[in-house]
Amino acid sequence: MNTNTNTNLTNYHSHCSFCDGRAPLEDFVKAAIEQGFTSYGVSSHAPLPFSTRWTMEREDVPPYLEEIARLKQKYAAEIELYSGMEIDYLDEDSNPSISYFRELPLDYRIGSVHMLESLEDGIIDIDVSKERFRVLLPLYFGNDLQKLVNTYYDKLMRMVELGGFDIVGHADKMSYNASYCQPDLLEQDWYNRRIHEYFAFIAERGLMVEINTKAYQTMGVFFPNIKYFPLLKELHIPVLVNSDAHFPAKINSGRTDALKALKEAGIDEVMELHGGKWEEVCICDTLFVNH
Ligand SMILES: [Zn+2]
Ligand SMILES: [Zn+2]
């Protein structure tokens, strides 16, 4: 790629009205073109074995792929557009490694955990507000935060082990809610041992980790937490900055701050999709002139 035109304007974690995004897919693509993005990927929430308000149904998948194909063609001269999906690791039967997902003609896949099994009441969405999370903890998880955190990382580790995806989505997102219940969580040895083990396993499997900026403007955190950026560097884990946008206005949210934070942690490159291949691209210093 010509480094003179390098703007690091890319995003591969983006929702739309096929799932819980708040605008049609084309609106996100138009916003990306208007803002000068060079490469953009859409990653609607993949179907689960049951209906939710935030995932696609299997019958939505063919029209979703058709719509991306139509827009790829329509805007081919203006932007590289890619088809992705954010796929949940739910259990052994529903996760990125199953043949249904492997056989979909996608350009890339994000693997995420949003839901955990409760002690007795079935599957609970833990990707909720911190206040709601604090209510769920005693209601469904026996008020045992350490156990819940361990269950979360057990699921993520199993997802990484099974594979079938390219990017680990918001790698430690639950830590924000868990820290609300236990403010010194990220200082605790057992937690940091868990995180080290997790990222070492991700590195071993050669997966990419996104720096998810969805909550940066409102809550001031990246996922994974900025504290672990030096660890990503130490383990040579390829990273990319994704905004997890649900609104077209948010596609660029927190991107420059994340790139700057990566640079400060000694990471000089991010992954971008160009010509259908992931490549390492330098983080452009001129991005920070006015920041
Ligand atoms: Zn997610
Ligand atoms: Zn998402």
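Everything below is about the structure printed above this text.
All figures in this text were calculated on a predicted structure; none of them were measured in a lab.

### Examining the packing of aromatic side chains
Logical step 1: Scanning all chains against the criterion turns up 14 aromatic pairs.
Logical step 2: Their ring planes at 70° and their centres at 5.8 Å tell us that Tyr153 and Tyr191 sit as a pair that is edge-to-face. You can see Tyr153 sitting in helix H5 (residues 145–162) and its partner Tyr191 sitting in helix H7 (residues 189–204), a full 38 residues away along the chain.
Logical step 3: For Arg58, the ring lying beneath its charged end belongs to Tyr100, and the centroid distance is 3.6 Å.

### Side note on the pairing of strand E3 (residues 80–88)
Logical step 1: Most of E3 sits out of view: eight of its nine residues are buried.
Logical step 2: Pairing analysis gives seven bridges linking strand E2 (residues 39–45) to E3, with the strands arranged parallel. For Ser43, the partnering residue across the bridge sits in E3 and is Gly84.
Logical step 3: The β-α-β motif built from E2, the intervening helix H2 (residues 61–74) and the parallel element E3 has right-handed crossover chirality.
Logical step 4: Taken together, the three bridges between E3 and strand E4 (residues 110–112) define a ladder with parallel strand orientation. Paired with Glu86 across the strands is Ile110, a residue of E4.

### Observations concerning the coordination of the zinc ion (ligand 1)
Where a metal carries four tetrahedral donors, each ideal angle is 109.5 degrees; where it carries six octahedral donors, the ideal angles are 90 or 180 degrees.
Logical step 1: Protein coordination at the zinc ion (ligand 1): the donors are Glu86 (OE), His114 (NE2) and His170 (NE2), at 2.1 to 2.2 Å from the metal.
Logical step 2: All donors of the zinc ion (ligand 1) belong to a single chain; written as a sequence motif, their spacing is E-x27-H-x55-H.
Logical step 3: Separating the zinc ion (ligand 1) from the zinc ion (ligand 2) is a gap of 3.3 Å, which Glu86 spans by donating to each of them. Within this pair, whereas Glu86 is found in strand E3, its partner His114 is found in the loop between E4 and strand E5 (115–117), the two being separated by 28 residues in sequence. By the burial criterion, Glu86 is buried, and His114 matches it.

### Points about the environment of Pro105
Logical step 1: Along the chain, Pro105 turns up in the loop between helix H3 (99–102) and E4.
Logical step 2: Along the backbone, Pro105 and Ser83 are 22 residues apart, and their C-alpha atoms lie at a distance of 8.3 Å.
Logical step 3: Leave out the neighbours within four places in its chain, and Pro105 touches Leu65 and Ser83.

### A closer look at the pattern of salt bridges
Logical step 1: Within this structure, the stated rule accounts for 14 salt bridges.
Logical step 2: When the shortest N-O distance is used, the salt bridge between Lys155 and Glu117 registers 3.4 Å. Here Lys155, found in helix H5, pairs with Glu117, found in strand E5; they are 38 residues apart in sequence, far enough to count as distant.
Logical step 3: For Lys155, a relative accessible area of 9% corresponds to the buried category.
Logical step 4: Residue class for Glu117 comes out partly exposed when judged on its relative accessible area of 41%.
Logical step 5: A salt bridge links Lys173 to Asp127; the nearest nitrogen and oxygen atoms lie 3.1 Å apart. Taken together, the residues span a long stretch of sequence, with Lys173 in the loop between strand E7 (167–168) and helix H6 (174–181) and Asp127 in the loop between strand E6 (123–125) and helix H4 (130–140) at a distance of 46 residues.
Logical step 6: Look at Lys173 and you get buried, because its relative accessible area is 15%.
Logical step 7: Each of Glu26, Glu67, Arg70 and Lys74 takes part in a single network of salt bridges with overlapping partners.

### What about the packing of helix H1 (residues 25–34) against H2?
Logical step 1: Following both chains from N to C, one finds H1 and H2 inclined at 30°, their axes separated by 10 Å at the closest point. By the angle class used here, H1 and H2 are roughly parallel. The two elements H1 and H2 meet at a crossing, and its hand is right-handed. Where H1 approaches H2, its residues Leu25, Glu26 and Val29 are matched on the opposing element by Tyr64, Glu67, Ile68, Arg70, Leu71 and Lys74.

The rules behind the values
Residues numbered from 1 in each chain as written. Chains lettered and ligands numbered in written order. Predicted model: local features only at pLDDT ≥ 70, side-chain atom pairs only at ≥ 80, totals over all residues. Heavy atoms only, no water. Phe/Tyr/Trp six-rings, centres within 6.5 Å; stacked < 30°, edge-to-face > 60°. Helix = DSSP H or I, 4+ residues; strand = E, 2+ residues; numbered from the N terminus. Lys NZ or Arg CZ within 6 Å of the ring centre and 35° of its normal. Buried < 20%, exposed > 50% of the residue type's maximum accessible area, 1.4 Å probe, protein only. Pairing = 2+ DSSP bridges. Right-handed = clockwise from strand over helix to strand, strands pointing away. Donors = N, O, S within 2.8 Å, 3.2 Å for Na, K, Ca; no water. Contact = heavy atoms within 4.5 Å. Salt bridge = Lys/Arg side-chain N within 4 Å of Asp/Glu carboxyl O. Axes fitted to C-alpha atoms, helices over the stretch in contact; angles between N-to-C directions. Parallel < 35°, antiparallel > 145°, perpendicular 65-115°, else oblique. Left-handed = near helix turned anticlockwise from the far one by under 90°.

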